[in-house]
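Structure at a glance
Take a look at the letters that make up each chain.
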Amino acid sequence: MFIVLLGLPGAGKGTQAAFLKDDLGLPHVTTGDLFRENISKETDLGKQAKEYVESGKLVPNDITIGMLLDRIAQPDCAGGCMIDGFPRNLEQAKALDKALEERGRAINRALYIKVSEDELVRRLSGRWTCPKCAAVYHETSAPPKAARICDNCGSELSQRADDKPDVVRTRLQVNMENMQAIIDYYAAQSNLCKVNGEQDAAAVTTALKGCLED
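Residues numbered from 1 in each chain as written. Predicted model: local features only at pLDDT ≥ 70, side-chain atom pairs only at ≥ 80, totals over all residues. Heavy atoms only, no water.

Topic: the pairing of strand β3 (residues 81-84)
Formally: Think of it in three bands: with a 1.4 Å probe and only protein chains considered, a residue is buried below 20% of the maximum accessible area for its type, exposed above 50%, and partly exposed in between. A run of H or I in DSSP counts as a helix once it spans at least four residues, and a run of E counts as a strand once it spans at least two, with each numbered from the N terminus. Between any two strands, at least two bridges found by DSSP are needed for them to pair.
Covered by surrounding structure in β3 are C81 and I83 together with M82 and D84, the residues of both alternating faces. Note: strand β1 (residues 2-6) against β3, 4 bridges, orientation parallel. What sits directly across from V4, in β3, is I83. The sheet contact formed by strand β2 (residues 28-30) and β3 spans 3 bridges and is parallel. Along β3, the bridge assignment pairs T30 with D84.

Looking at the pattern of salt bridges
Quick reminder of the rule: A side-chain nitrogen of Lys or Arg and a carboxyl oxygen of Asp or Glu constitute a salt bridge if their distance falls within 4 Å.
Applying the stated criterion to the full structure yields 12 salt bridges. Between R169 and D118 there is a salt bridge, and its shortest N-O distance comes to 3.1 Å. One end of the pair, R169, is in helix α7 (residues 165-188); the other, D118, is in helix α6 (residues 117-125), and 51 residues separate them in sequence. Three or more residues joined by partner-sharing salt bridges are found here, namely E117, D118 and R169.

Quick look at the state of the cysteines
Test applied: Two cysteine sulfur atoms form a disulfide, by the criterion used here, when they sit within 2.5 Å.
Summed over all chains, the structure comprises 1 disulfide. Sulfur-sulfur distance for the disulfide between C193 and C211 comes to 1.9 Å. Residues C193 and C211 are joined through a disulfide that is left-handed, its torsion about the S-S bond being -65°. Placement of C193 in strand β7 (residues 192-196) and of C211 in helix α8 (residues 201-213) is noted, with a sequence separation of 18 residues between them. C153 supplies the cysteine sulfur nearest to C130, a cysteine that is in no disulfide, at a spacing of 3.4 Å. The class of C130 is buried, set by a relative accessible area of 2%.

Description of the environment of E119
In this fold, E119 is placed in helix α6. For the pair E119 and A11, spaced 108 residues apart in the sequence, the C-alpha separation amounts to 9.0 Å.

Structural data, given as structure tokens:
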């Protein structure tokens with residue numbers, strides 16, 4: 001079974017993938033890990049991707065899909081895998097389907113962890129970092145013992161510019177434009193399943209597993 005995990009930043013895809021990986025026995029394949037592995041091993045695709053990653057540009061579809069296809073051809077993916085971080089837009093979703101079809105494979109389920117914009121802003125904008133020792137805190141889920149003071153070294157915590165609420169909200173709105181097109185695409189193929197991502201983590205996992213049993 002080949003599964004695509006969908007959700008905006010902060011929806012909890014990585015957390016749920018860790019739970020599902022153990023329960024389903026399916027490898028968790030992320031594009032971030034693929035880029036790092038291929039670049040560190042200096043593969044042909046890694047060399048091509050490196051210049052884009054280092055310049056902050058989006059890695060072209062053919063390079064990313066090439067890495068994905070190489071990864072799912074490995075023995076541990078013989079029974080399928082969970083793909084996280086791709087596709088990021090409709091063009092990538094179509095390109096991935098075409099590439100898989102050429103290899104006699106297909107996406108069986110697209111799992112969309114749906115979380116409201118207000119909740120995502122709360123989750124993402126609550127992050128604070130220690131500029132001295134790099135410790136990371138969250139106002140609600142992992143707060144420091146003293147407000148905005150690092151437990152480790154006593155330094156005053158700071159917030160990255162892209163973690164500020166207004167910036168987070170703008171980033172989410174841009175992401176949602178692409179996400180909606182992907183959601184509609186998989187829904188048209190009758191393999192989309194939406195899950196309420198604002199439940200506790202265990203309930204979300206149960207709901208996701210229910211999607212795979214349908």
